[in-house]
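Topology and contacts: notes
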Amino acid sequence: MGVKQWIGQWPVYRQLTGTDPLGRGSAAQSARSAGLEPRTRGADRVVDSVCPYCAVGCAQRVYVKDEQVVQIEGNPDSPISRGRLCPKGSASKQLVTGKQRVRTVRYRAPYGTQWQDLDLDTAVDMVVDRVLDARRKGWQDADEAGNPLRRTMGIASLGGATLDNEENYLIKKLFTALGALQVENQARI
Amino acid sequence: MGSNMAEAHPVGFQWVMEAKARGAKVIHIDPRFTRTSALADQHVTLRAGTDIAFLGGVINYVLTHDLHFREYVQSYTNATFLLSERYRDTEDLDGLFSGYDPLTASYDSSSWAYESVAAPERPGRRDKEQAASSRHGAGGPTVEGHAGEIAADLAMEHPRSVLQVLKRHFCRYTPEAVERICGVPRDLFLDVCRAWTANSGREHTTALVYSVGWTQHSVGAQYIRAGSIVQLLLGNIGRPGGGIYALRGHASIQGSTDIPTLFNLLPGYLPMPDTSHESLAAYLESISGRNQKGFWGNADAYTVSLLKEYFGEAATAENDYCFDHLPRINGDHGTYRTAMDMVDGKVFGYFLLGQNPAVGSAHGRLQRLGMANLDWLVVRDLTMIESATFWQDAPEIETGEIVPERCRTEVFFFPAASHVEKSGTFTQTQRMLQWRDQAVAPAGDQRSELWFFHQLALRLKARLAASTDPRDRPVQDLAWDYAADGDEPSSADVLRHINGIDLNTGRTVSGYTDLRADGSTSCGCWIYSGVYADEVNQARRRTPRSECGPYDAEWGWTWPMNRRVLYNRASADPQGRPWSARKALVWWDEERGEWTGDDIPDFERTKPPDYRPPEGASGPEALRGDDPFIMMSDGKAWLFAPAGLADGPLPTHYEPHESPMRNVLYGQQASPVRKVYGRPDNPSNPAPPEAHSDVFPYVFTAARLTEHHTAGGMSRQLPYLSELQPELFVEVAPELAAERGLRHLDWAHVITSRTAVDARVVVTDRMAPLLLDGRVVHQVWMPYHWGSVGLTTGDVVNDLLGVVVDPNVFIQESKVLTCDVRPGRRPRGPDLLAYVADYRHRAGITPRTGTRVVTAGDTDRPEHTEPCEWPEDPS
Ligand code: SF4
């Protein structure tokens, strides 16, 4: 290692002699930080998305490597957000990849004190049984005056403002055909 | 107003800052000094729950100083129309409008009609019970005969002209009255009036922004009406830089009302049928009326196309397109009614789809006790939320009201796919649909709602396939043949069906004007028609902002028909010329014979400004060339609502359900048609003229923080966000801290007749004491995101709330109530119940408290309680 190279490792020297007089860029770089690269660089693909929190609708870019989400950033093309995300939108990688995510079906039996495991397919079948049972128990053919009601008051549903339009569409469609009308969500109108 | 935009919609707020940098003046009118106030030019503190008094003051100022935009008001609003002689105003009836029935606490609105229009008398009870107003949706209610000439006085001087009625209604909303009610010094109030009016007119426009600080009130819909009246009088609707912006709270909360998961609506704001709709024809008549103007005139095409999408081949002209397959509503089936019915054992199964009512809904305790009394509960969410774990860790476990070994509810938790693990559209707050591509597959048992409801539908159809029971026919007939994408339906294909399909060619229609009432088109949501025009997913467009025009028409897709500014025909004068060169948006191009401009015209493209409908026309054809409000039955914006609202044709200052103040304007204290649920498990704090309101002397309000999201399921679990806002707190003024002995960062608890919750004290002059009618009133504020699960936990603030709702849309009054605050932590376990019961006793509270909703004059004051048993009054 020559003297010049040796002195050049000293950040103050680089700051005084180089192109970074404020010492906030190349002057402050160590060998380690010089070797770092953004998580976004090695991504296999970048997917267009939208922040899932509030209704501003900031555009996101989702960086995927080896079928894992490695980073989520704002999309500067968006006329709504111009690439910015607030703390929630910026935390959405944790939302998606964090260990708080539940991965398997959980089941609590009546009067139970613990969660249990349950196979997904079995769980859906059990829900189907219960929907039919509750629908029957709450069924109303007509009101006192004989006007048709053709509905069940045994089943209710709540939620939708965090879901996709396509999902809300199918939810309302299926419940309506079942005669279940106590379908509501976070919104009033 | 009613919005802390910098905090709750931070990235959207950059545009307010951009406008400020270009010279716009930003005024923030809100009970608290917040992050938004800090960045505004001016902050005005007012008492929570008094915005209508403030806005009424602005309306009075505009009218007494003749500052309205005369030509705009005359041509585009109903200011000139004459009202019926039967109409009586709140000025005549001590705070009530004509048509009030104390027994049902509802209005017969027939006397609010225009002079030349016969409105049928109809008791208001049915409409109130169904939140009928919200079912008028984007279109406004039907009023028969609006297509013809309506009696009018163009000079707007006739005493029964809408403008004069407006003047009289608001004449007592003086700067002095505003000061007494809102606590806003009159000079400050007049500053706002001057700024607002000076910045409106031909050359200038003012924008008005609100959020749930406006809506979550027992008079929530009337808040918006009041803001609309100001903006219409000043000519700020349908014009660039003007408008009223509703900032919504969830990624697709707009979408979930457009394509509703709501009890009283079908997609596109078509009403859910009720028991009075014997046939499709009767239903359609109730929407499009007879002989009225506007695009609701084509409701038959929208409805038949929806039924064709729902029931496919089975829907034919002969069977009324399966109209009778639809269940009928006949009352209040809203979420709070349902929670009470759960407590009463009338509901057996409950689905929670990305919502956490144990924390996020008003009266969390009622919600949890309801869920603890079900046969089964299905929770679908990303993480464990309080609504899934209530049987383990609800506050009621500690008090002994829920015992796991005795709680019968069977709970299924299905892990949901996240926003990057499925594709589909969100509709954001400007009605813009933005498509998300799927980035990765969900792991383990995680699935989308699309998968889940597809599985339910297939399995239910299989189970009922052989049934001969007529009640199963709708399921058998249900069209469910979306293109597959693995083991779930393709979301793009679902969106295609929402857009609508020409059943003869199998191709997507290009917009709602293509829809037909003869069964030849299907369409899942008529207002979204066009989102898949030309077989292209328009919501997926991502043309960078640098390459789009000023209205970014190629980024996403906005309903209706990608129009970015609603009613933008009003940006041009009646002759079709921009009101001023600075404020041009769309205009009539005489040479090309069409409307053109920077935005897509919200008007029939080739209808000239001087078009006059032929005799007998109705629907769109009856709209004149200068009727910009194309969804309204008379083509005009309504300063006065001759029909359609359950709580009056004009906004009126009523005190909140719980208030420390007597109404200083009228004998009528609070909204006379608010919906109360008088039950032992839903007590109210007393408000004048009832006694003992001093037991809960402070005004309470709750709101959001940037770093958390609603009920916390998506934020309290994340390390970054939990570190940024680690603990629940309550903000109080230094004067209140002195009065109650509260110390900064020590514990305190807040008490209502429902419960008490703990929080850390933040003593700050952001919460300014108000001088009201000669007395000092304190306001107290808390963020509401906490619960028992997550990296940061805390008491549930919504447990402080009771349930009282507005009669138009059943929005709960969660932005204002009364409370007490005490130093130190609240009692725990059963002691908490005794502590709160003692407060109720001292305040003389029974289930009847707050249920005598009429207080005007000396009429009967019936109670509105539920028919159920309760212990004898403590008094
Ligand atoms: S990044 Fe923030 S402001 Fe933007 S949509 Fe998400 S939550 Fe809303």
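Criteria and cut-off values
- Residues numbered from 1 in each chain as written.
- Chains lettered and ligands numbered in written order.
- Predicted model: local features only at pLDDT ≥ 70, side-chain atom pairs only at ≥ 80, totals over all residues.
- Heavy atoms only, no water.
- UniProt positions renumbered as here; feature names shortened; annotations may be inferred.
- Helix = DSSP H or I, 4+ residues; strand = E, 2+ residues; numbered from the N terminus.
- Buried < 20%, exposed > 50% of the residue type's maximum accessible area, 1.4 Å probe, protein only.
- Polar contact = N/O pair within 3.5 Å; in protein donor to acceptor, adjacent residues only side chain to side chain.
- Contact = heavy atoms within 4.5 Å.
- Buried area = accessible area lost by both parts, 1.4 Å probe.
- Salt bridge = Lys/Arg side-chain N within 4 Å of Asp/Glu carboxyl O.
- Core = buried A, V, L, I, M, F, W, Y, C linked by side-chain atoms within 4.5 Å.
- Near = heavy atom within 4 Å.
- Nonpolar A, V, L, I, M, F, W, Y, C, P; charged D, E, K, R; others polar.

An unreviewed UniProt entry annotates chain B as Molybdopterin-dependent oxidoreductase of Actinacidiphila acididurans. One UniProt comment on chain B, placed under Cofactor (unreviewed entry), says "[4Fe-4S] cluster". Turning to chain B, the UniProt annotation filed under Sequence similarities (unreviewed entry) states: "Belongs to the prokaryotic molybdopterin-containing oxidoreductase family."

Going by the annotation in an unreviewed UniProt entry, the name recorded for chain A is Dehydrogenase, with Actinacidiphila acididurans given as the source organism. If you open the UniProt record of chain A and go to Subcellular location (unreviewed entry), you find "Cell envelope". Quoted verbatim from the Sequence similarities (unreviewed entry) field of the UniProt record, the comment on chain A reads "Belongs to the prokaryotic molybdopterin-containing oxidoreductase family."

1. Focus on unusual backbone geometry
All names here are of chain B. Of the consecutive residues Trp-559 and Pro-560, the connecting peptide bond is found in the cis state with omega at -5°. If you trace the backbone, Pro-560 turns up in the loop between strand 18 (557-558) and strand 19 (586-589). Between Pro-688 and the following residue, Pro-689, the backbone shows a cis peptide bond with an omega angle of 5°. Inspection of the secondary structure assignment puts Pro-689 in the loop between strand 21 (675-676) and strand 22 (698-703). Although it is not a glycine, Asp-66 adopts a positive phi angle of roughly 50°. Not every positive phi belongs to a glycine, and Thr-710 is a case in point at roughly 35°. Among the secondary structure elements, Thr-710 is positioned in the loop between strand 22 and helix 24 (719-724). The exposure class of Thr-710 is buried, given its relative accessible area of 13%.

2. With respect to the side chain of B:Glu866
All names here are of chain B. Here Glu-866 is to be found in the segment after helix 26 (830-842). A distance of 2.7 Å separates a polar atom in the side chain of Glu-866 from a polar atom in the side chain of Arg-337. A distance of 3.1 Å separates a polar atom in the side chain of Glu-866 from a polar atom in the side chain of Arg-679.

3. Concerning the interface of chain B and chain A
Listed as interface residues are 154 residues of chain B and, on the opposing side, 118 residues of chain A. With both chains or domains summed, chain B and chain A bury close to 12,300 Å², and 63% of this area falls on carbon and sulfur atoms. When the buried area of chain B at its contact with chain A is split by residue, B:Thr261, B:Arg459 and B:Arg471 rank highest and sum to 6% of it. The interface formed by chain B and chain A holds eleven salt bridges in total. The shortest N-O distance in the salt bridge between B:Asp472 and A:Arg135 comes to 2.8 Å. Our count for the chain B to chain A interface comes out at 76 residue pairs in polar contact (both at pLDDT 80 or more). Among the elements that line the side of chain B that touches chain A, the one with the most residues is helix 21 (residues 449-464) of chain B, at twelve residues.

4. Some points on the nonpolar core
Counting 220 residues, the largest nonpolar core has B:Phe54 and B:Phe351 as the members making the most contacts within it. Sequence-distant contacts of B:Phe351, defined by excluding residues within four places in its chain, comprise A:Val127, A:Val131, A:Ile155, A:Ala156, A:Ser157, A:Leu158, A:Phe175, B:Trp376, B:Val378, B:Phe452 and B:Leu456. B:Met371, B:Leu374, B:Phe390 and B:Val411 belong to the second-largest nonpolar core, a separate cluster that totals 24 residues.

5. So, the UniProt feature "domain: Molybdopterin dinucleotide-binding" (unreviewed entry) in chain B
Those places that UniProt annotates as "domain: Molybdopterin dinucleotide-binding" (unreviewed entry) correspond, in this numbering, to residues 699-808 of chain B. Between the C-alpha atoms that bound residues 699-808 of chain B there is a distance of 24 Å. The span itself is 12% helix and 32% strand.

6. Describing the site of the ligand
With respect to spatial proximity, the complete set of residues near the ligand consists of A:Cys51, A:Tyr53, A:Cys54, A:Gly57, A:Cys58, A:Leu85, A:Cys86, A:Lys88, A:Gly89, B:Pro10 and B:Val11. Lying at an intersection of chains, the ligand is approached by residues of chains A and B. Residue classes in the shell around the ligand are distributed as eight nonpolar, two polar and one charged.

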